Amino acid sequence: MKKIIILILLLLLPFGTGLFVGYSFSISKKSNAENNFPVVNSEDDSNNQRTAIEEQISNSRQNGITKAVASVSPAVVGINVIEVREYQNPWGQMFGNDPFFKQFFGDQTYRQEVKGLGSGFIISEDGYILTNDHVAGNAAKIEVILTSGGKYNAKLVGTDLVSDIALLKIEGTNFPFAKLGNSNEIIIGEWVIALGNPFGLFEISDKPTVTVGVISAIEMNLRAEQGRYYRGMIQTDAAINSGNSGGPLVNSLGEVIGINSVIYTPNQGNIGLGFAIPINRVKTIMNELKKSGKVERNFWTGLDVQNIDAHIARYFKLDKTDGVIVTDVKPRSPADRAGFEVGDVITEVNGDKISDEESIKSVFSYAQAGQIMHIKIYRNKKYIDIDLKLEKRN
């Protein structure tokens, strides 16, 4: 009996093994089909399998960031400039402008060419380019390098020191250009991309450098730097380094939402504190520059103000030293017609809080003749709203 059972098991073993192998092969084939990987039936199919896998991996790496970079990169340019700066001989400074010594030593000032670099981006197919005033505003010669490798001499159409915006033009047609977005729709925390020419690397590869970060904050008011006022700035932690100035800050849709302009750093390197000028403000300045080459800010108010210290606060019985106090109102001036009085404390202008003279200068720096400024003042222990129309200075 035992011999018969053993014989039956020996006969069934090959049959069971065949069933197991067939089932395993069926499962493996089904799994490959579900993962979209081709089944290799012969050595000749290996190249087809490799191609299919590479396509699948490539497709999985494409995202909003990579597509935005591919869309905007052709419009980004490197900018090389030559400025002519005037210097004073240190020995000449010892004698000032004394005409007696000038007859012996002559004019002790001399000029020297200084090279600089930065970034920019094309905004129209006929070659208009946006960048910073501190990149190209004082340049004697401007060279623009495209991603195609082409080099063009650029004309400075107009520049605005206050807003730190400059508009350039190169001759030609059918240039790739970047789409301008809406900086009023920015969301804190959304992904952004900074493109540009840090340390002149653009010239090595004819391609902009790309860094990625998020919107860290909006409406940031920075201190004025050499006559440039940075208000309502976009803060990002996308790396912005020397040479990135003038390049675009782009959202994940491939739209320019700002111009990279300022970094805060203790050591000339990036620490995650970069700032861009909102593109909606740039659009307004750009149109003025295109029209007349400058932004007209020749207005007057007829107001004299000063900071409030503890002594002034006590004299006028003020609870705090925030704001600025009006010390003079010129007769028949815009301020006089608006109803200002000496002793008024200005606390807000167009919704921006005023803490000192620097802050009110910063707010008025972007104003233009004909504009109406909405001003909140403190007078006789109550707040009053006054509208001040800025009139063109004769």
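Look above for the structure.
Note that the structure is a prediction, hence the values are computed from the model and not measured.

Undergrad: Tell me about the side chain of threonine 347, residues and numbers included.
TA: Along the polypeptide, threonine 347 turns up in strand E18 (residues 345-349). Residues contacting threonine 347, with those up to four places away along its chain left out, are Asp352, Lys353, Ile354, Lys376 and Tyr383.

Undergrad: So what's going on with empty space enclosed by the protein? Which residues, and what values?
TA: Empty space among the atoms can be located by rolling a probe the size of a water molecule over them. All chains considered together, the criterion is met by one cavity of 30 Å³ or more. Empty space within the largest cavity amounts to approximately 40 Å³. Taken together, Gly78, Ile79, Asn80, Leu117, Ile145, Asn197, Gly200, Phe202 and Glu203 make up the full set of residues lining the largest cavity. Of all the elements in the fold, those that place two or more residues in the lining of the largest cavity are strand E1 (76-88) and helix H7 (202-205). Per element, the largest residue contribution to the lining of the largest cavity is three residues, and it comes from E1.

Undergrad: Lay out the side chain of glutamine 235 in plain terms, naming residues and giving numbers.
TA: Topologically, glutamine 235 is positioned in strand E11 (residues 233-236). Exposure remark for glutamine 235: the relative accessible area of 13% places this residue in the buried category. When residues no more than four places from it in sequence are discounted, the contact partners of glutamine 235 are Val214, Ile215, Ser216, Ala217, Met220, Leu273, Gly274 and Phe275.

Undergrad: Break down helix H11 (residues 357-365) for me, with residues and values.
TA: Within the sequence span of H11, burial applies to Ser359, Ile360, Ser362, Val363, Phe364 and Ser365. The N-cap residue of H11 is aspartate 356: its side-chain oxygen and the backbone nitrogen of glutamate 358 are 3.3 Å apart.

Undergrad: Lay out the pairing of strand E14 (residues 274-278) in plain terms, naming residues and giving numbers.
TA: Burial analysis of E14 places five of its five residues in the buried class, which makes it a mostly covered element. In terms of strand pairing, E11 meets E14 through three bridges, oriented antiparallel. What sits directly across from threonine 236, in E14, is glycine 274. Pairing of strand E13 (residues 255-263) with E14 involves five bridges; the strand directions are antiparallel. Across the sheet, valine 262 pairs through a bridge with phenylalanine 275, a residue of E14.

Undergrad: Lay out the pairing of strand E17 (residues 324-329) in plain terms, naming residues and giving numbers.
TA: Sheet analysis places strand E16 (residues 303-307) next to E17, joined by five bridges and oriented antiparallel. Note on E17: the bridge partner recorded for glutamine 306 is isoleucine 325. In this structure, E17 lies alongside E18, joined through two bridges in antiparallel fashion. When the bridges of E18 are listed, valine 324 appears paired with isoleucine 346.

Undergrad: Talk me through the pattern of salt bridges; I want residue IDs and the actual numbers.
TA: Counted by the stated rule, this structure contains 12 salt bridges. Measuring nitrogen to oxygen at the nearest pair gives 3.5 Å for the salt bridge that ties arginine 228 to aspartate 164. In this pair, arginine 228 is assigned in the loop between strand E10 (209-220) and E11 and aspartate 164 in the loop between strand E6 (155-160) and strand E7 (165-169), connecting sequence segments 64 residues apart. For the pair arginine 228 and aspartate 164, one class covers both residues: buried. The residue arginine 379 makes a salt bridge to glutamate 341 at a minimum N-O spacing of 3.6 Å. Here arginine 379 is found in strand E20 (residues 372-379), whereas its partner glutamate 341 is found in the loop between helix H10 (334-338) and E18, with 38 residues between them in sequence. On the accessibility criterion, arginine 379 (16% relative accessible area) is buried. Sharing partners across several salt bridges, the network here consists of Asp133, Asp164 and Arg228.

Cut-off values and rules
Residues numbered from 1 in each chain as written. Predicted model: local features only at pLDDT ≥ 70, side-chain atom pairs only at ≥ 80, totals over all residues. Heavy atoms only, no water. Helix = DSSP H or I, 4+ residues; strand = E, 2+ residues; numbered from the N terminus. Contact = heavy atoms within 4.5 Å. 1 Å grid on protein atoms, 1.4 Å probe; cavity = no way out; pocket = protein on both sides within 12 Å on 5 of 7 lines; lining within 4 Å. Points joined across faces, edges and corners; volume = space filled by probe spheres on them. Buried < 20%, exposed > 50% of the residue type's maximum accessible area, 1.4 Å probe, protein only. Polar contact = N/O pair within 3.5 Å; in protein donor to acceptor, adjacent residues only side chain to side chain. Pairing = 2+ DSSP bridges. Salt bridge = Lys/Arg side-chain N within 4 Å of Asp/Glu carboxyl O.

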